Amino acid sequence: MKLSKVHVTNFRSVEDSGEFEVGQVLCLVGKNEAGKTAIEQALAGLNPHPSTPVSYDLERDYPRRWLTEYEERHGDEQATVISTKWTLSPEEKAAIAEKIGETAILDQPVKIYRRYVDKEPQWGLPIDFKKAVENLIAMEKLDEEERQPLAKATKTQELIAALGGIKERTQKQQRLLDRVSGYPDKTITGAVTQLLKPSLPQFLYSSHYDRMVGELRLDTYNARKQGQQQPPIQLGEQVFLDFLEYAGTSLEEINAATTYEGLNARCEAASSRITQQLQEYWTQNPTLEIEVRVTKAEPNDPPPFNQGVIARARVKNNLHKLTLPFSERSAGFIWFFSFLVKFSQVRKTGSNLILLLDEPGLTLHGKAQADLLRYFVEKLAPNHQVVFTTHSPFMVPPDDLPSVRIVEDKILQPRPGQFVSEGTKVRDDTMVTDRDTLFPLQGALGYEITQTLFVGKHTLLVEGPGDILYLQAWSSALLRKSRTGLDRRWTICPAGGIDRIQPFVALFAGQKLDIAALSDYAKSDRKKLDVLRQNKVMETERLLTFATILAVDEADIEDVFTPALYASILNQAFNLPAQQQLTADKLMQADTNTTRLVKKAEAYFRTLPPESPEFDHFTPAEWLFRNPGALDGVDAEGVETLQRAELIISALNKILKS
């Protein structure tokens, strides 16, 4: 059975979550106090694993503001906490078909729910009971006369009653009665439920993740485990034993070693295996190794490690040529390693479990969180469905957004100053929600985009998307005239201006990219350019401005155009009516305090009536890209514009040759 849909109601902050789909891995994203934990705990209570028992308590868990109105809201019905839908495997369908016939199985999911009063999950089965009764009768091969008293039976109780009402039952009728009466609860539902119960996964909920201790006293362990000596075994010590098993050995095998070489061989083999396992998923520092050592206690060590025989885990840093106790590594490393050890044991059990992980990896660096996410997909998901909550961008899988659900406490404002909560909602429309809730998703997407944005070795940073369109339009026009076009090796990326160049270059410093920048330039930008050059963000010859190439004091990309051609592009791009259309003279007179065409255009559009289009930088570039013929004219305006464009493109291409 595989969980396919979940619907939580009447539980803590969740009045009605809405039904949401669950895949092999499900990521619940939301800010603190949104109700992510409530969703997981409600799900865990459906069929909890004994090690993480979760139960429902009406007074504790029912939404507090409605508790006094419980009877009014539910009447004779009991409040449902969790409703789920499950997909049956072919093997499970075959087992049901063997019991009640294939034609009795409806093409619908199994429904399993639990209410506050239920001591175990309640089942809703996709069964056509009338057809099931017919199949049961057919399985016993009753003849027409034997069937006649059963003709009106459409469900189990009616079939039992009809068979019981026959004074002298035939052998076949008696066999059918014995079969059906032997079902749990004397119902087809009971029989099929009994068949499927072992297939229902248990929910293992984890919010507190045990951290492994770095050392364990061996000679007293068995006595402590049996309660003959204090203190009892602690959780961190149990993780240490799991660690030994993860490493391919055990406490018994270590204790059984009778020679130094035998003991040393065990420890070295364990060290080698655990290091290999660690390095597969801890990419933060590939120079680390785990060492397992068993030594006699030293008298000046803190008790209880000053007596007996001690097993220790130490971390060796091959770069710094030293080892440290496991307990002295970073909190993130200890957490990550302990998690790998613990859940490797979960994988080994082969148990039918669904894993519910509440905010895993909080102490980890972003890249380590990405490693943890990879572990979920590669190691846990093949054997278990995994549902985890997070508010970290690095725990959101940007390459699998369909597996992400947004969790938010939905607040309404019916009138100014009045706020009403509808409770926690789970949504799959990941792009429609409030900013705070959306932040982790935006962060994940933003990071992923920055890592995949540059697909070529040679990257050209420009101000905005309009610059890309202008450069492509000029290049195409020049190539149509058999002149110099932009080198195809350039990958153009909008950076957002001079202020953004340094962060962009720093972000991709490790990608071994050849980066150049082409920027607008105003006199106020001089200090910014000087800082970039002084900091050696990139070589001076790779930091270009339109003003430098065009040999003017100030220039934007729009200054490549002649005033008349730019005015014509603006008229058509914004569809200006005849009385508002620009000419070269109107454009030049719009703002006499600047020589920059784009500033003049902004000034002109501010003089237009309110209903007129608002000026922006992108619209003219998009229009030109869609209407390339505007650059094909042989008039002076087109010729001069392409001459300037060729200067820009040649300067860029020259960088690739240097």
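Presented here is an overview of the structure given in this document. Predicted model only: the values in this text are computed from it and were never measured.

Details of the layout of surface pockets
Each pocket or cavity is described by its volume, and for the largest pocket that value is around 470 Å³. Lining the largest pocket are 21 residues, and of these Ser-51, Thr-52, Leu-204, Ser-206 and Lys-342 lie nearest its centre. Every element with two or more residues in the lining of the largest pocket is listed here: strand S8 (202-206), helix H11 (235-246) and helix H14 (331-349). Looking at which element gives the most residues to the lining of the largest pocket, the answer is H14, with seven residues. Looking at the lining of the largest pocket residue by residue, the classes come out as seven nonpolar, eleven polar and three charged.

Side note on the environment of Tyr-246
Summarising the element assignment, Tyr-246 is placed in helix H11. Using a relative accessible area of 5% as the deciding quantity, one classes Tyr-246 as buried. Considering only alpha carbons, one finds Tyr-246 and Arg-273, 27 residues apart in sequence, at a separation of 8.4 Å. Setting aside anything within four residues of it in sequence, one finds Tyr-246 in contact with Arg-273, Ile-274, Gln-277, Leu-340, Val-341, Ser-344 and Gln-345.

A closer look at unusual backbone geometry
Of the consecutive residues Gln-230 and Pro-231, the connecting peptide bond is found in the cis state with omega at -5°. The step from Pro-303 to Pro-304 runs through a cis peptide bond, and the omega angle for that step is 5°. Its place among the elements puts Pro-304 in the loop between strand S10 (288-296) and strand S11 (309-317). A positive phi angle is found at Asn-10, which is not glycine, with a value near 55°.

Quick look at the packing of helix H4 (residues 90-100) against helix H9 (residues 188-196)
Contact geometry of H4 with H9 gives a least axis separation of 10 Å together with a crossing angle of 150°. As H4 packs across H9, the resulting crossing turns out to be right-handed. Residues Glu-92, Ala-95, Ile-96, Lys-99 and Ile-100 of H4 touch H9, and the partners they reach there are Ile-188, Ala-191, Val-192, Leu-195 and Leu-196.

With respect to the pattern of salt bridges
Throughout the structure, instances matching the rule amount to 31 salt bridges. In this structure, the salt-bridge partner of Asp-118 is Arg-115, at a minimum N-O distance of 3.0 Å. Judged by relative accessible area, Asp-118 falls into the buried class, the value being 10%. Here Arg-596 and Asp-556 are joined by a salt bridge, their closest N and O atoms 2.8 Å apart. Separated by 40 residues along the polypeptide, Arg-596 in the loop between helix H22 (584-589) and helix H23 (597-606) and Asp-556 in the loop between helix H20 (546-550) and helix H21 (563-573) bring together distant segments of the chain.

Observations concerning the pairing of S8
Every regular strand shows the same layout, with side chains that alternate between the two sheet faces. Judged by how many residues are buried, S8 sits mostly within the fold: four of five residues are covered. Sheet analysis places S8 next to strand S13 (residues 353-357), joined by five bridges and oriented parallel. Counterpart to Ser-206 in the pairing with S13 is Leu-357.

A short note on the packing of helix H7 (residues 156-164) against helix H8 (residues 171-181)
Between H7 and H8, whose axes approach to 10 Å, the crossing angle comes to 140°. Comparing their axes, H8 and H7 come out oblique. At the point where H7 passes H8, the crossing takes the left-handed sense. Residues Thr-156, Leu-159, Ile-160 and Leu-163 of H7 form the contact with H8, whose participating residues are Gln-173, Leu-176, Leu-177, Val-180 and Ser-181. Classifying every residue of the contact of H7 with H8 gives six nonpolar, three polar and no charged.

Concerning the pairing of strand S18 (residues 490-494)
Of all the five residues making up S18, four are buried; the element is thus mostly covered by neighbouring parts of the structure. Alignment of strand S17 (residues 458-462) against S18, held across five bridges, turns out to be parallel. What sits directly across from Val-462, in S18, is Pro-494. This β-α-β element, S17 to helix H17 (residues 465-480) to S18, shows right-handed connectivity.

A short note on helix H15 (residues 366-380)
The α-helix advances 3.6 residues per turn, and as a result positions three or four apart in sequence lie on the same side. If you check H15, its first and last C-alpha atoms are 20 Å apart, about what 15 residues at 1.5 Å a residue would give, namely 21 Å. Within H15 the residues assigned to the buried category are Gly-366, Ala-368, Gln-369, Asp-371, Leu-372, Leu-373, Tyr-375, Phe-376 and Leu-380.

Details of the packing of aromatic side chains
Counted under the stated rule, the structure contains 28 aromatic pairs. Measuring from centroid to centroid gives 6.2 Å for Tyr-56 and Tyr-116, while their planes differ by 70°, and the two rings are edge-to-face. Here the residue Tyr-56 occupies a position in the loop between helix H1 (36-44) and helix H2 (58-61), and Tyr-116 occupies one in the loop between strand S6 (110-115) and strand S7 (122-124), the gap between them amounting to 60 residues. Look at Tyr-116 and you get buried, because its relative accessible area is 10%. Ring centres of Phe-561 and Tyr-566 lie 5.9 Å apart, and the angle between their planes is 20°; on these two criteria the pair is classed as stacked. Judged by relative accessible area, Tyr-566 falls into the buried class, the value being 0%. Feature note: the residues Tyr-209, Tyr-281, Trp-335, Phe-339, Phe-343, Tyr-375, Phe-376 and Phe-388 constitute an aromatic cluster, connected by ring pairs. A cation over a ring is seen here: Arg-329 above Phe-333, with NZ or CZ 5.7 Å from the ring centre.

Conventions we followed
- Residues numbered from 1 in each chain as written.
- Predicted model: local features only at pLDDT ≥ 70, side-chain atom pairs only at ≥ 80, totals over all residues.
- Heavy atoms only, no water.
- 1 Å grid on protein atoms, 1.4 Å probe; cavity = no way out; pocket = protein on both sides within 12 Å on 5 of 7 lines; lining within 4 Å.
- Points joined across faces, edges and corners; volume = space filled by probe spheres on them.
- Helix = DSSP H or I, 4+ residues; strand = E, 2+ residues; numbered from the N terminus.
- Nonpolar A, V, L, I, M, F, W, Y, C, P; charged D, E, K, R; others polar.
- Buried < 20%, exposed > 50% of the residue type's maximum accessible area, 1.4 Å probe, protein only.
- Contact = heavy atoms within 4.5 Å.
- Axes fitted to C-alpha atoms, helices over the stretch in contact; angles between N-to-C directions.
- Left-handed = near helix turned anticlockwise from the far one by under 90°.
- Salt bridge = Lys/Arg side-chain N within 4 Å of Asp/Glu carboxyl O.
- Pairing = 2+ DSSP bridges.
- Parallel < 35°, antiparallel > 145°, perpendicular 65-115°, else oblique.
- Right-handed = clockwise from strand over helix to strand, strands pointing away.
- Expected span 1.5 Å × (residues − 1).
- Phe/Tyr/Trp six-rings, centres within 6.5 Å; stacked < 30°, edge-to-face > 60°.
- Lys NZ or Arg CZ within 6 Å of the ring centre and 35° of its normal.

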